6 protein chains.
Amino acid sequence: MKLNSKTTILGLMSSYEESKLVVFGAPFDGTVSFRPGSRFGPSAMRTGSLGIETFSPYQNADLLDIKGCDAGDLPLPSGDTKAALDMINSFVYNIIQDEKTPIMLGGEHLITLPAIEAMIKQYPDLCILHLDAHTDTRDTYMGVSLSHATVMRRVWEKTGDKRIWQFGIRSGEKAEFEWAEKHNYLTSFDLYGIENALDIIGERPIYLTIDLDVLDPSVFPGTGSPEHGGISFMDLLNFILKLRRNTIVGSDLIGLVPHYDVSGISAAAACKLLRELALLLAI
Amino acid sequence: MKLNSKTTILGLMSSYEESKLVVFGAPFDGTVSFRPGSRFGPSAMRTGSLGIETFSPYQNADLLDIKGCDAGDLPLPSGDTKAALDMINSFVYNIIQDEKTPIMLGGEHLITLPAIEAMIKQYPDLCILHLDAHTDTRDTYMGVSLSHATVMRRVWEKTGDKRIWQFGIRSGEKAEFEWAEKHNYLTSFDLYGIENALDIIGERPIYLTIDLDVLDPSVFPGTGSPEHGGISFMDLLNFILKLRRNTIVGSDLIGLVPHYDVSGISAAAACKLLRELALLLAI
Amino acid sequence: MKLNSKTTILGLMSSYEESKLVVFGAPFDGTVSFRPGSRFGPSAMRTGSLGIETFSPYQNADLLDIKGCDAGDLPLPSGDTKAALDMINSFVYNIIQDEKTPIMLGGEHLITLPAIEAMIKQYPDLCILHLDAHTDTRDTYMGVSLSHATVMRRVWEKTGDKRIWQFGIRSGEKAEFEWAEKHNYLTSFDLYGIENALDIIGERPIYLTIDLDVLDPSVFPGTGSPEHGGISFMDLLNFILKLRRNTIVGSDLIGLVPHYDVSGISAAAACKLLRELALLLAI
Amino acid sequence: MKLNSKTTILGLMSSYEESKLVVFGAPFDGTVSFRPGSRFGPSAMRTGSLGIETFSPYQNADLLDIKGCDAGDLPLPSGDTKAALDMINSFVYNIIQDEKTPIMLGGEHLITLPAIEAMIKQYPDLCILHLDAHTDTRDTYMGVSLSHATVMRRVWEKTGDKRIWQFGIRSGEKAEFEWAEKHNYLTSFDLYGIENALDIIGERPIYLTIDLDVLDPSVFPGTGSPEHGGISFMDLLNFILKLRRNTIVGSDLIGLVPHYDVSGISAAAACKLLRELALLLAI
Amino acid sequence: MKLNSKTTILGLMSSYEESKLVVFGAPFDGTVSFRPGSRFGPSAMRTGSLGIETFSPYQNADLLDIKGCDAGDLPLPSGDTKAALDMINSFVYNIIQDEKTPIMLGGEHLITLPAIEAMIKQYPDLCILHLDAHTDTRDTYMGVSLSHATVMRRVWEKTGDKRIWQFGIRSGEKAEFEWAEKHNYLTSFDLYGIENALDIIGERPIYLTIDLDVLDPSVFPGTGSPEHGGISFMDLLNFILKLRRNTIVGSDLIGLVPHYDVSGISAAAACKLLRELALLLAI
Amino acid sequence: MKLNSKTTILGLMSSYEESKLVVFGAPFDGTVSFRPGSRFGPSAMRTGSLGIETFSPYQNADLLDIKGCDAGDLPLPSGDTKAALDMINSFVYNIIQDEKTPIMLGGEHLITLPAIEAMIKQYPDLCILHLDAHTDTRDTYMGVSLSHATVMRRVWEKTGDKRIWQFGIRSGEKAEFEWAEKHNYLTSFDLYGIENALDIIGERPIYLTIDLDVLDPSVFPGTGSPEHGGISFMDLLNFILKLRRNTIVGSDLIGLVPHYDVSGISAAAACKLLRELALLLAI
């Protein structure tokens, strides 16, 4: 007798073997300093995605026509940051060794570090598009070097200067803004300049990391660190659609803290963006 | 001794007999597939309308100057879709026979079908303005032909081609979009083109049906199916104000699911739109 | 490469083939008349069960020592009651044909009908233990014969008199109480008399159906129909433990409506009871 | 054409003229010092009572067999305490002049003062049963003499010593406890001694005032001033049932603050108690 | 031994003596007619401000570089409006006598009256910038002259004509709009015209009072009176930034009702605006 | 000019120097594996304690008669467990060197370890009363030795066998129960046996650590790990009152996660227990 399937994100039902796209959860929020809970983000997206159609009128494309799977959540140990990051790293590395494209669901932003470390082994000229309300470029945070607040600094140590494009940034220390302007491409407050960025990147592979708090809190209240003055949903969707002509080799969507949003509109935003990302990466 | 009055929507206090406008609730959500609860929409609007002024600075008009009543909620049987629709149909038919204008508060979108069926008996050339996030034009949904997801298809079977103008649509199956473009006037994503629609409609009577999820979820989180990328409150308000020179013979506001919005801003949006609609229809 | 597993209820990880116990969700609430939403019960229990230990100090037993699986949720069509019930019926029938024991998670109470119909084919002398705040023995409800409010009447039509023991009942029509006292064994308000019931049942197989609203709303606020004066958690747990010497061939836990309980204590209660049930049935 | 009825509390549908029982709301909370919002109590009870059966298995009696009406909410001016109290006073006085029995729904506890003042004109030997977590017997509160915290002191000024029985009290200033023990009958923490109280009262008429925070916060979280260590629902229900042989000439249920309880179990408790009260007073 | 500090708003840590800026709470909401609770606004801002950076990328300035303190909440008596207003008046007067600049956190809007009365003693030519969804210019409200709904009328009685600039207004009685247009400068719906206002004001000192419900409810759901069609966060922020060349001698931020917003985005908006205001006033 | 005071817990207003009792917050929840957020416990208790009277009718004693202060929250670095524990350790040590009695508010349970380490330096024969739903006696948890799940094992390493009395325990691994029975005094499910424990302890000093999840989730829903079958509020209160004849040299109340309880009844329970503890320790 055939087993019924459990809830999978966006209803993705291909086997891992036949999938081009692999979506998985990394439910870790161990270094969060203010309001934790993004560890419950992936499971909230599984429930929320029941309300999302498979067809995108924006791309005139349908999830039913792609090969993708939901690999579930990684069993990350809470309280042991290093072990959690290692587990993410090898999972992502396996996915790209299997010639598939990963989309990781957070969790907090530190999980992006091991994913990029895995990607960069395969793609040494990897470029990073980073959408976020926060710079995340402290050297250390409260004495800790592996932190949600330092993750893009750690990433930069792998890539070197001018390989990271930051968009939507509107919060950080003064020193972080100064550092980021010197070492990265920094766009404060909005997403303007993506066309120019894509021109500079050219044929190089791209990793796209989206902290969903780049959205305005009115659109995405389910966040640990609401930072007003953010971008609209359509701005973010249009940003994603502009990436169509480029090579995205991996991506993540992080920062959904479901219990701060009983309406579920934050999970719905995350799921709709995931659908558009999935269509972009898998077709 | 005179009895005190119960809470009425927007404080409308005329008797049915003297009213030009009749507002009533149709608390039915029996075919909803994702998140139910719009059956509680009308009662949430009665409470929420306590916070709404009677004066509209947008129309420079006041509810105190119109004749309208709140006829309460229809006692619709849950679990028997057909009986519920019949009850709505005859209630609406009576209202128009009494030469009054109905505004129905939902409930789910299927309730629009019997209302329009009643209207069309009186106004055979009725035109429909349909604002919604979803096409609602499936032929059947999970095997069911009377469904929130099929309602505009059933309406079309009564009106025929090119009598329905759909606005704000951003979700549906691919086949639904294709069908709607062929048989109706379909405007995806926004409300542009209303002036042109009104030109085509000319002197014909209009029924206006608004699924409040046409609004962006940031404005209206109290919905069963949050669909981001929606229109703003002022876009919807301005749309309504543009209808002033036309003949609206009936209307509905559906889709408020109050328990997904503890802030009550969704009920407040519904009530403020209802005030503007009431002023539009009753003056 | 081995896929990571998705969240399973209580962490049950055996394959279907090797399992003695099969837990699955039946997310249907189509006939609910007051506050719907139990369709989200099973997924809330999957998330909630992450906080539950596998060891029971009450039974001195551990889930790690049993063979059980989570078969996921049945894809039940909303709006087509009959099709949904048929799907449940054949799924349950297959489980018992495979010589396994089902625990079904609701969903509303009507789902118990097809489960019992499947059981009774195999066990014609099946006895029913029914825990609930409500009699659920109307003949029809608002004209509907297949309803959450009629389910135990429909079950009785299969079993005949004195095969159903009802406990904890404290709400219903006067006629329902009178009917139930005549045809079933009715215990109002509490769970007293279970020992006597078990004596009468003797060696016959038992199906145990628990509407979680039998618990007091203080313990279980996540219900569509809070009915005060209910039993305590320990009363219900002790009731379950008393069944140890009998043959339970199937069971269900229904009625969790997660969005009425942001604290999650209702899901936690359901999961802890499920652990005790699972240990009882699988050892 | 006949109008549909609006939602009435417990579905009471008799006309005022034919009613023996008159239920009405007094949505005033102007003197509350901690968490306001009981002004929304009556409307939450109207919605909540949709989930309550008309039949009581505790009294074996049915609301369908009594004559009662819901007179709606009094339009009390916020910010003008005296005017609000006057309006309540004359409304209650009219009810008893019409030889009907009032049940008033709060609102805060100060509304009990004008109700009792109206009753005492008719019944000079009126005795008061007062259930509450708080003594409410300050002389003034923050300089104010008409306050939720002084209401039973003001009542005592009308009745004199040993006419008030206080039950369930577990919070107050030391001086209040001492004062209450001297002038009233004070039962701290529980409801013991009601039989004795009824013996002393004898044939005299009784006004029953219930601040719902006498219930434990686990049973009734929807309160402005949660005070743990309260009584259970069944304790309160049994207290009410013991009054059957006495003459209750009026009653109130106050203190529901619905927005502190998204589950609605507090409104459900209030409605179920109201049903039992209504049956007690109207049969 | 040195005591640890309690949570202070925005982490302001200077002593009162060394501070140029004094932030304090006025937790009074006694005249609110619809949904009360702004009395909890200041404490919610203290918690919420833990998530706010001290650096503003909008002003390129840092709170670490200013001298400011959090003076805590005034112990205002609930139920005695006049005493509460007097306490505010003398506290504000002391602050300006000490040559410091106050920012008062509400609470409801009536608290602005005593603050302005204190300011005007020192600055007889004080001009008022008033941002709000509501006119607040009734003469009396439900018979009360000191009310949230009359506050700007009372202020006008101190200033005379054309000293108050009102922005963002979109709700009120018809007579209020007419009155305000005659006696004040009234800008309905948006914030346009601030440059012109500043030109007219010239060198005169300004008091800035912001009812946060001027923001759209999507941005600021934590309000007692959600009024859709409001301004965006960036509109309000840019308005504040335009005041840089003028002399703001005092300000307030009022109207946060935290329990209507479980996400905390409203408190976050208030805190971020407070940071910008603090930087504007203290540098 | 004198500054107004900020909100202090229970209104405690003595200076540190004159205080016998020092209450402070330790807002750390870095090792929590399931639902975090107890870092916000102390601030929620400060707000919640505004609703608590200073007089206890249970002890016939008043906080106005004791000398106590609220020392605020320790600025604990998130992400650096060891540094946080060190900071707590030295703060507690200073308090007892100053001959005062600490009550620490959590935060998660790991904070109890450094507090006890500080106490034991002063009181080598310290005995521990531990109330909790969970054993907390794992040796390591997910590879981590300093964890909320291991804290009582670490404490035992300081005290040795039979110095810890555990009460209310109803969750843990099988091995934990076995270990605890061997090395500690373990009372599962309830608080029975406290008199016997106090007899054995005799004159030795006691540290009382209360994980508030020892309470039943119906009483205390604001917890990260709801575990049904817990004790009632009055059971816990009576337990505390029984300690009157013994020497409590320090205590903590941990585990309040405010955002899981919008009603605030959990914070109210914590505050009322704190009042009773404060009266017990300071008189």
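Residues numbered from 1 in each chain as written. Chains lettered and ligands numbered in written order. Predicted model: local features only at pLDDT ≥ 70, side-chain atom pairs only at ≥ 80, totals over all residues. Heavy atoms only, no water.

Draft legend 1. Structural context of the overall build of chain A. Secondary structure assignment for chain A yields 8 helices and 10 strands. Taken against the 2.2 N^0.38 rule, which gives 19 Å for 283 residues, the C-alpha radius of gyration of chain A at 17 Å falls within 12% of a compact globule. Based on the C-alpha atoms only, the size of chain A along its principal axes is roughly 60 × 40 × 35 Å. Counting the 283 residues in chain A, one finds 70% classified as buried. Residue pairs at least 24 apart in sequence account for 76% of intrachain contacts in chain A once pairs closer than 6 positions are excluded. Entry remark: accessible area of chain A is about 8,600 Å², with carbon and sulfur atoms responsible for 49%. (Helix = DSSP H or I, 4+ residues; strand = E, 2+ residues; numbered from the N terminus. Rg over C-alpha atoms; globule rule 2.2 N^0.38 Å. Buried < 20%, exposed > 50% of the residue type's maximum accessible area, 1.4 Å probe, protein only. Contact = heavy atoms within 4.5 Å. Areas by Shrake-Rupley, 256 points an atom, 1.4 Å probe, with all protein chains shown as cover.)

Draft legend 2. Structural view of the confidence of the model for chain A. Residue and element names in this part refer to chain A. With 96% of its residues at a pLDDT of at least 70, chain A reaches an overall mean of 92. In the model, residues 1-5 has pLDDT below 50 throughout and makes 15 contacts with residues more than four positions away in sequence or in other chains. Taken over the whole predicted complex, pTM reads 0.89, whereas the ipTM for its chain interfaces reads 0.93. (pLDDT = per-residue confidence, 0-100.)

Draft legend 3. Structural view of a negative patch on the surface. Residue and element names in this part refer to chain A. A grouping of Glu-17, Glu-18, Asp-98 and Glu-99 is seen on the molecular surface, where their side chains present a negatively charged patch. With respect to the secondary-structure elements, Glu-18 resides in the segment before strand E1 (21-26). Under the relative-accessibility criterion, Glu-18 is labelled partly exposed at 44%. (Patch = residues over 30% accessible without salt bridge, like charges linked within 9 Å, V, L, I, M, F, W, Y side chains within 5 Å. Salt bridge = Lys/Arg side-chain N within 4 Å of Asp/Glu carboxyl O. Lys, Arg positive; Asp, Glu negative; His and termini not counted. Charge placed at Lys NZ, Arg CZ, Asp CG, Glu CD.)

Draft legend 4. Looking closely at the sheet that holds strand E7 (residues 164-169) of chain B. All names here are of chain B. With parallel pairing, the 8 strands of this open sheet are ordered in space as E4-E1-E5-E10-E9-E6-E7-E8. For this open sheet the edge positions go to strand E4 (68-73) and strand E8 (185-188), each flanked by a neighbour on one side alone. Pairs of neighbouring strands in the sheet enclose a mean axial angle of 15°, with direction left out of account. As paired strands, strand E6 (residues 127-131) and strand E9 (residues 206-211) are joined by 5 bridges and run parallel to one another. Bridge assignment links Cys-127 to a residue of E9, and that residue is Ile-206. The strands that helix H4 (residues 151-159) touches are E6 and E7; relative to E7, the one it contacts most, it runs at about 160°. Across the sheet, helix H6 (residues 194-201) is in contact with E6, E7, E8 and E9; its angle to E7 comes to roughly 170°. (Pairing = 2+ DSSP bridges. Axes fitted to C-alpha atoms, helices over the stretch in contact; angles between N-to-C directions.)

Draft legend 5. The arrangement of the side chain of Asp-73 of chain E in detail. By secondary structure assignment, the location of Asp-73 of chain E is in strand E4 (residues 68-73). Here the side chain of Asp-73 of chain E touches Arg-46 of chain E through a polar contact of 3.1 Å, side chain to side chain. (Polar contact = N/O pair within 3.5 Å; in protein donor to acceptor, adjacent residues only side chain to side chain.)

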